[in-house]
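Architecture at a glance
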Amino acid sequence: MSTGTAEAGEHRISQPPQTLKEFFSYMGPAWVFTASQIGGGEALSVPVGGAYLGMRAIWLIPLITFTKIFGQYFLVRYGVMSGDTFLDALYRQPKWLKWIFYYVFLGGLVYAIGLSGHLGETAGAAQTLVPIGSIGALNGTGFWMIVTVLAGLAVVLMRSYELIEKLSTTLLWVFLALIAAVSLLTADQWVGGLATGLVPSVPGYVDGLGVGGMAFVATMFGWIGAGFGPTVSYVWFAKDKVMGMFEPKANGTDISKEDLTDEEIKRLKGWGDMVLWQNMISSVILAVFSFFMWTAAAATLHGTEIVESGELGGFEVIPQMATIFTSVYGEWSAGVFLLSVMAALFSTLIGPLYGMSRLWEDAFAIHGLFDKVDITRDTVFRLTVVLFAVIPLGLNLVFEAPLFLFALSGILFAPAVGLMYLAALYMSYTDIDQPGLAPERKWAVALALFAAVALIATAVYDIAF
């Protein structure tokens, strides 16, 4: 029973969306997450997998996208129900659980390593579209990497949620429509292998990523479905959208779960359902897009000379994959493909740069940095944004191995994602003990647990063996 003390009619939590129009007005966090995710794992690991493996291992797409999304659901749901991000809550946990706080904190650096893939391939595509000669010791691709970083910083440092939301949403639908058409037009070339491809089997070696077998599975689990950066970003975007308990906290209202009224509990449950539907819609979009991207690459690239020779890789992988469009539409479409993939990859940079920097900003606040040092939250945010942008830029300029760094990062941060899921589930039962607010859908809990265990197990197996 609620022990709410708020006076009648003075509900501190707004009604959740009641109409489709209202629902979609709150889909912003989901669109940002989906756009960031598609530009991340889906636009790189998925087509490379299809190119090298054909229809084999396509079974990973439904398995990952329809399980990981529920781990993310409970992460976001925890914040909506409590008014605290999972990071804030983790810091208050006993030591046996609190250590995950620091693992997640440092996971931002590991994720930044993976952004080398997105940055490098965006620059490689730009160099193909607008070739730039060497400028001193800097080649054309290096020049475009610097331009891409500066453009990303300009968007993120505006700290404008609305700008990021609109940009990500637009880029998402343009790219999805283009790749769907290619997949459907080449269906006669891949549909025969679909049934076999949906049967679980250990994948072969994917030369473009430099991994194979369980390492490829771990890379896919780390990057597609709900990656570390987009997942973390989603939590902070939901906070900025002041959903559920984030609303009274943002308004400075004194509120706790113990004094919620029955009506406020009902409204919070409605917001929890809103988050579930957001994630369900995102998972369907991710699964459909991944399926289209894999099948399009399998139909147009698998078995070609560039794949068989192992030359599909480096900074030129996106220009090399332009065959996905040119084999269907003609040579003129290469530019369309490059622009759409560049747009998707760029959306991956701006979303996680914002979210990871918000995570670090809040982590420093929890440790009392702003009380001890004469520095503002905005300054720390800006510095961390620059840090997360400079890491992939520096690694690409030194090592020139964007896709290997991308795969390595996915393997390393996968356990962090799994641990976040487990921690969110645990805290959802122990911290949110108000009747009706703890998780009630056992099937969703089971899928989230499966995703968490799979993320941890595949990465540990790959590292150990």
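Scoring rules and cut-offs
- Residues numbered from 1 in each chain as written.
- Predicted model: local features only at pLDDT ≥ 70, side-chain atom pairs only at ≥ 80, totals over all residues.
- Heavy atoms only, no water.
- pLDDT = per-residue confidence, 0-100.
- Helix = DSSP H or I, 4+ residues; strand = E, 2+ residues; numbered from the N terminus.
- Axes fitted to C-alpha atoms, helices over the stretch in contact; angles between N-to-C directions.
- Parallel < 35°, antiparallel > 145°, perpendicular 65-115°, else oblique.
- Contact = heavy atoms within 4.5 Å.
- Nonpolar A, V, L, I, M, F, W, Y, C, P; charged D, E, K, R; others polar.
- Buried < 20%, exposed > 50% of the residue type's maximum accessible area, 1.4 Å probe, protein only.
- Phe/Tyr/Trp six-rings, centres within 6.5 Å; stacked < 30°, edge-to-face > 60°.
- Lys, Arg positive; Asp, Glu negative; His and termini not counted.
- Salt bridge = Lys/Arg side-chain N within 4 Å of Asp/Glu carboxyl O.
- Polar contact = N/O pair within 3.5 Å; in protein donor to acceptor, adjacent residues only side chain to side chain.
- Expected span 1.5 Å × (residues − 1).
- Core = buried A, V, L, I, M, F, W, Y, C linked by side-chain atoms within 4.5 Å.
- Left-handed = near helix turned anticlockwise from the far one by under 90°.

1. Structural notes on the confidence of the model for the protein chain
For the protein chain, per-residue confidence averages 84 on the pLDDT scale, and 90% of positions sit at 70 or higher. In the model of the protein chain, helix α7 (residues 161-185) stands out as the element of lowest mean pLDDT, 71, in contrast to helix α9 (residues 194-197), which has the highest, 94.

2. So, the packing of helix α3 (residues 60-82) against helix α21 (residues 442-464)
Between α3 and α21, the least distance of the axes is 7 Å, while the angle of their chain directions is 105 degrees. Compared by their axis directions, α3 and α21 come out roughly perpendicular. Of the residues in α21, those touching α3 at Leu63, Phe66, Thr67, Lys68, Phe70, Gly71 and Phe74 are Trp443, Ala444, Val445, Leu447, Ala448, Phe450, Ala451 and Leu455. Grouping the amino acids of the contact of α3 with α21 by side-chain chemistry returns 12 nonpolar, 2 polar and 1 charged.

3. Some words on unusual backbone geometry
Within the chain, Ala57 stands out as a residue other than glycine whose phi angle is a positive 75 degrees. As for its placement among the helices and strands, Ala57 is situated in the loop between α2 (28-53) and α3. Positive phi is not limited to glycine here, since Glu400 has a value of about 50 degrees. When you line up the elements, Glu400 lands in the loop between α19 (377-399) and α20 (402-430). Given a relative accessible area of 48%, Glu400 falls into the partly exposed group.

4. A closer look at the packing of aromatic side chains
For any pair of aromatic rings, the description rests on two quantities: the centre-to-centre distance and the angle between the ring planes. According to the stated counting rule, one finds 20 aromatic pairs in the structure shown. With a centroid separation of 4.3 Å and 15 degrees between ring planes, the pair formed by Phe105 and Trp360 is classed as stacked. One end of the pair, Phe105, is in helix α5 (residues 95-129); the other, Trp360, is in helix α17 (residues 334-366), with 255 residues separating them in the sequence. Neither residue differs from the other here; Phe105 and Trp360 are each classed as buried. With 6.2 Å between their ring centres and 45 degrees between their planes, Tyr329 and Trp332 make a pair best called tilted. You can call Tyr329 partly exposed: its relative accessible area is 27%. The class for Trp332 is exposed, based on a relative accessible area of 60%.

5. Section: the environment of Gly71
Its location among the elements puts Gly71 in helix α3. Leave out the neighbours within four places in its chain, and Gly71 touches Tyr421 and Ala448.

6. Quick look at the side chain of Glu121
Assignment of secondary structure puts Glu121 in helix α5. Lacking a salt bridge, the buried Glu121 has Lys68 as its closest oppositely charged neighbour, with an N-O distance of 20 Å. A distance of 3.4 Å separates a polar atom in the side chain of Glu121 from the backbone nitrogen of Val317. Once residues lying within four places of it in the same chain are set aside, the contact partners of Glu121 are Leu44, Gly314, Phe315, Glu316, Val317, Ile318, Leu345, Pro402 and Leu403.

7. A look at α3
Taking 1.5 Å per residue, 23 residues should reach 33 Å; α3 reaches 33 Å between its end C-alpha atoms and fits that length. Across the 23 residues that make up α3, a large majority, 20, are buried. Of the residues flanking the end of α3, it is Gly83, one or two places downstream, whose phi is positive at about 85 degrees.

8. Details of the nonpolar core
Proteins that are soluble and globular tend to have nonpolar side chains buried together. Grouped together as the largest cluster of nonpolar side chains are 151 residues, with contacts concentrated most on Phe86, Phe228, Trp294, Ile318 and Ile324. Apart from residues lying up to four places away in sequence, Ile318 is in contact with Ala43, Leu44, Glu121, Ala125, Phe337, Leu338, Val341 and Leu345.

9. Notes on the pattern of salt bridges
Under the definition given, this model contains 11 salt bridges. Here Arg92 makes a salt bridge to Asp84, at a shortest N to O gap of 2.9 Å. Between Arg377 and Glu361 there is a salt bridge whose closest N-O contact spans 2.8 Å. Residue Arg377 is found in helix α19, and its partner Glu361 is found in helix α17; the two are separated by 16 residues along the sequence. By relative accessible area, which is 34% here, Arg377 ends up partly exposed. The class of Glu361 is buried, set by a relative accessible area of 2%. If you follow the salt bridges from partner to partner, you end up with Lys239, Arg358, Glu361, Asp362 and Arg377 in one network.

10. Some remarks on helix α6 (residues 140-157)
Spanning 18 residues, α6 covers 26 Å between terminal C-alpha atoms, matching the ideal 26 Å at 1.5 Å per step. Turning to α6, its buried residues number three or more, namely Gly140, Thr141, Gly142, Trp144, Met145, Thr148, Val149, Gly152, Leu153, Val155 and Val156.

11. Observations regarding the packing of α3 against helix α10 (residues 214-223)
Direction vectors running N to C along α3 and α10 enclose 40 degrees, while the axes themselves pass 10 Å from each other. For the element pair α3 / α10, the angle class is oblique. Classified by chirality, the crossing of α10 by α3 is right-handed. Residues Leu60, Leu63, Ile64 and Lys68 of α3 form the contact with α10, whose participating residues are Phe216, Val217, Met220, Phe221, Gly222 and Trp223.

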